[in-house]
Amino acid sequence: MTNGLLILNGVTTKQHIYTCLKEASKYVQNNMYVEFLSCGLPIKSKQKLDILNCVYNRPIDICKGVNVHVLLSQAGTLFSKNLQVCVASENLKFLHKDFETSVQKKYLFEDSVVRFINHPIDEFDVDGTDLSFYDNVVIGGTFDRIHDGHKLLISTALFYAQKKLVVGVSDGVLLQKKVLKELIEPVETRIKNVIELIETYKPEIQHKVVPLYDSCGPSGTDSDLQALVVSAETLNGAAIVNSQRATNGLNKLDVISIDIVSENVFDLAKIVNDEQKLSSSSERMRLLGTLRRQPNCVSHETQSKNPYVIGVTGGMASGKSAVVKRLEGLGAFTINCDKLGHAAYLPGENAYTLIVEHFGHEILNDDQTINRKKLAEIVFSDAEELNVLNNIVWPEIRKMLKNIISEQRGKHEVVVFEGAILFEAGWDKDANEVWCCFLPNEEAIRRIQVRNGLSVDQAKSRVQSQIPNEERIEKSHVLLSTLWEEEFTQRQCEKAWSLLKQRIPKNCNTQGL
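Quantities reported herein were computed from a predicted structural model and do not represent experimental measurements.

K.L.:
Even after reading the chapter, I still don't get the sheet that holds strand β11 (residues 206-212), so can you show me in this structure?
P.N.:
Hydrogen bonds between backbone atoms are what pair the strands of a sheet, whose relative direction is either parallel or antiparallel. Reading across the sheet, the five strands line up as β11-β10-β9-β12-β13 and stay open at both edges, with parallel pairing between neighbours. Every other strand in the sheet has two partners, leaving β11 and β13 (254-258) as the edge strands with one partner each. With direction set aside, neighbouring strand axes in the sheet form an average angle of 25°. Strand direction decides the pairing type here: strand β10 (residues 161-170) and β11, joined by seven bridges, are parallel. The residue of β11 that forms the bridge with Val166 is Lys208. Where helix α6 (residues 187-201) meets the sheet, it contacts β10 and β11, and its direction lies at approximately 160° from that of β11.

So, in structure tokens, the structure goes:
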């Protein structure tokens, strides 16, 4: 993928900027770094601030799929990214006869490729407002999956900051109300991404990027700060910060507000249908149903026409059964491991014999079937005994599962099995992919209360007895959430199924899809 530099000379109109971005995107497919000059010198006025808004709020069809970054560094600062192409205003050839040489001194090019484009110079529509600059500026945010809204916030703060930028990256309790918080990147990753942008856009500035665990963080305690940059929708947070600073005997921060979409704004229909929505929540929503890691190679792939196996798992009340039923409707052969578990306890099965040998005939009913209630009283009061039971039953269920999968050879292309304890029992080793259904714990607790008639504490205890959502999500290939209405769950399943059909091995039998 090509990384390139776009150098535009002369402050121009919004439409001309868009035209130049589109033209440059013919040569740049990955990262496009943009530098705006005026008569060959960096722009420092209000014009650059308006240019930032223009570039980062551009229409979706301008440079679609290209990461656009506006550089804010001063002349002479070495740019450390490797580039393959430079696209520049044609008029720069006449302003600097050694233009190509000077560009290669400042930037690192693998090849000396310079493309010139026509760039009319017209006055950008700028108001006459005088700007105040500050030594030290602060911003805060989640910064999950960096998008143009984040770039605008960071770039605006860098524009105003002359010495240092302080950034608080939300974590802990601040994430609890975020949409699909389970899919938010680790705070270490988000901090690293913010630092990379700062060092790319304005490498000469000092920076301090730290986790943020409350609504103020360093903005409420750092005496060196002078200004806070916020989005218009989080403007109320600025008042909280200044109130905290007053309590701490610190100066009031000047507040600079910009228009970007807040992470807290959530409309399902807009997120699903509106590609232009600048929000991390929309990016997380679009991850649902997509492949997150390479599929597993399992032993039954060695023969042709073996089915492709999907294991569906999730916590209590996460909608696993409903998802499996939907996949069955789309053409999959389905297996319920809970039913296999019940079958494993029946007289004549190997698990039955081993259970009776270990726990004794006292657990049997008069008809010699296992009294599951008596057995449960033993194992749920003794962790070692529960482990013994699991080591008997889980391998037997796995044998049954593998036999049924083998029986589908040549009959169905995709086999889907449902298992709440899929990871704990090691059944993920028998699946090409694991699809995980998940919900926020609060919603799972509510559903368990309604479904099972339990108290809040009882439902919470059941949820806490499971492995956490984060562990399942980390190990899974595809993620599905049943948090919203059934129609959206169906759309996720159809999306996941459609993408599965595109990647499924060609040696599988085509019946069923």
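After that view of the structure, there is still more to cover.
K.L.:
Would you explain the nonpolar core in this entry?
P.N.:
Inside soluble globular proteins, nonpolar side chains tend to come together where they are buried. With 54 residues, the main nonpolar core has Leu6, Leu21, Met32, Val137, Ile139, Val167 and Ile198 as its most contacted residues. Two domains each provide a minimum of three residues to this core, namely domain 1 (4-118) and domain 2 (134-258).

K.L.:
Sorry, what's going on with the layout of surface pockets here?
P.N.:
A water-sized probe, rolled over the atoms, reveals where empty space remains. There is about 1,500 Å³ of room inside the largest pocket. Taken together, 45 residues make up the lining of the largest pocket; nearest its centre are Met316, Asp338, Phe380, Ala420 and Ile421. When contributions to the lining of the largest pocket are tallied by element, the ones reaching two or more residues are α10 (320-330), α11 (337-344), α13 (372-379), α14 (383-407), α16 (441-452) and α19 (486-503). With six residues, the top contributor of residues to the lining of the largest pocket is α14. By residue class, the composition of the lining of the largest pocket is 19 nonpolar, 14 polar and 12 charged.

K.L.:
Is there a simple way to think about the sheet that holds strand β17 (residues 433-438) in this case?
P.N.:
With parallel pairing, five strands are arranged side by side in an open sheet as β15-β16-β14-β17-β18. The sheet is open, and its two borders are formed by β15 (333-336) and β18 (478-481), each paired with just one other strand. Strand-to-strand, the axes of this sheet are offset by a mean angle of 25°, without reference to chain direction. In terms of strand pairing, β15 meets strand β16 (residues 414-418) through four bridges, oriented parallel. From the neighbouring strand, Asn336 faces β16, where its bridge partner is Glu418. This element, α14, spans β14 (308-314), β15 and β16 of the sheet and lies at about 165° to β15.

K.L.:
Explanation requested: helix α5 (residues 148-160) in the structure shown.
P.N.:
Along an α-helix, residues three or four apart share an orientation, since each turn contains 3.6 residues. The end-to-end C-alpha distance of α5 is 18 Å, a good match for the 18 Å that 13 residues give at a rise of 1.5 Å each. Within α5, 13 of the 13 residues are buried, which leaves the element mostly enclosed by the surrounding structure.

K.L.:
Help me understand the packing of helix α2 (residues 46-56) against α5 in this model?
P.N.:
Packed helices, taken two at a time, are described by the angle between their axes plus the distance between the axes. Put simply, α2 and α5 touch, their axes get as near as 10 Å, and they point 170° apart. Considered as vectors, α2 and α5 are oriented roughly antiparallel to each other. Residues Lys48, Leu49, Leu52, Asn53 and Tyr56 of α2 touch α5, and the partners they reach there are Asp148, Lys151, Leu152, Ser155, Thr156, Phe159 and Tyr160. Classifying every residue of the contact of α2 with α5 by side-chain character gives six nonpolar, three polar and three charged.

K.L.:
Got a minute to help me understand the packing of aromatic side chains in this structure?
P.N.:
Both the distance between ring centres and the angle between the ring planes are used here to describe each pair of aromatic rings. Counted under the stated rule, the structure contains five aromatic pairs. Where Phe133 meets Tyr160, the ring centres are 6.2 Å apart and the plane angle is 45°; that geometry is what we call tilted. Here Tyr160 lies in helix α5 and Phe133 lies in the loop between β8 (114-117) and β9 (134-141), a separation of 27 residues in the sequence. Relative to Tyr160, the ring of Phe159 has its centre 5.3 Å away and its plane inclined at 85°; by these criteria the two rings are edge-to-face. Each member of the aromatic cluster is reached from another via a ring pair, and the members are Phe133, Tyr134, Phe159 and Tyr160.

K.L.:
Hey, could you run me through unusual backbone geometry in this one?
P.N.:
Where the residue is not glycine, phi is negative for most of them; where a peptide bond is considered, it is trans in most cases. For Phe143, which is not glycine, the phi dihedral falls at a positive 55°. By the element assignment, Phe143 lies in the loop between β9 and α5. Not every positive phi belongs to a glycine, and Leu180 is a case in point at roughly 50°. Looking at where Leu180 falls in the secondary structure, it is placed in the loop between β10 and α6. Accessibility expressed as a relative area gives 5% for Leu180, which makes it buried.

Parameters at a glance
Residues numbered from 1 in each chain as written. Predicted model: local features only at pLDDT ≥ 70, side-chain atom pairs only at ≥ 80, totals over all residues. Heavy atoms only, no water. Pairing = 2+ DSSP bridges. Helix = DSSP H or I, 4+ residues; strand = E, 2+ residues; numbered from the N terminus. Axes fitted to C-alpha atoms, helices over the stretch in contact; angles between N-to-C directions. Contact = heavy atoms within 4.5 Å. Core = buried A, V, L, I, M, F, W, Y, C linked by side-chain atoms within 4.5 Å. Buried < 20%, exposed > 50% of the residue type's maximum accessible area, 1.4 Å probe, protein only. Domains from an automatic or database assignment. 1 Å grid on protein atoms, 1.4 Å probe; cavity = no way out; pocket = protein on both sides within 12 Å on 5 of 7 lines; lining within 4 Å. Points joined across faces, edges and corners; volume = space filled by probe spheres on them. Nonpolar A, V, L, I, M, F, W, Y, C, P; charged D, E, K, R; others polar. Expected span 1.5 Å × (residues − 1). Parallel < 35°, antiparallel > 145°, perpendicular 65-115°, else oblique. Phe/Tyr/Trp six-rings, centres within 6.5 Å; stacked < 30°, edge-to-face > 60°.

So yeah, pure geometry; function would need other evidence.
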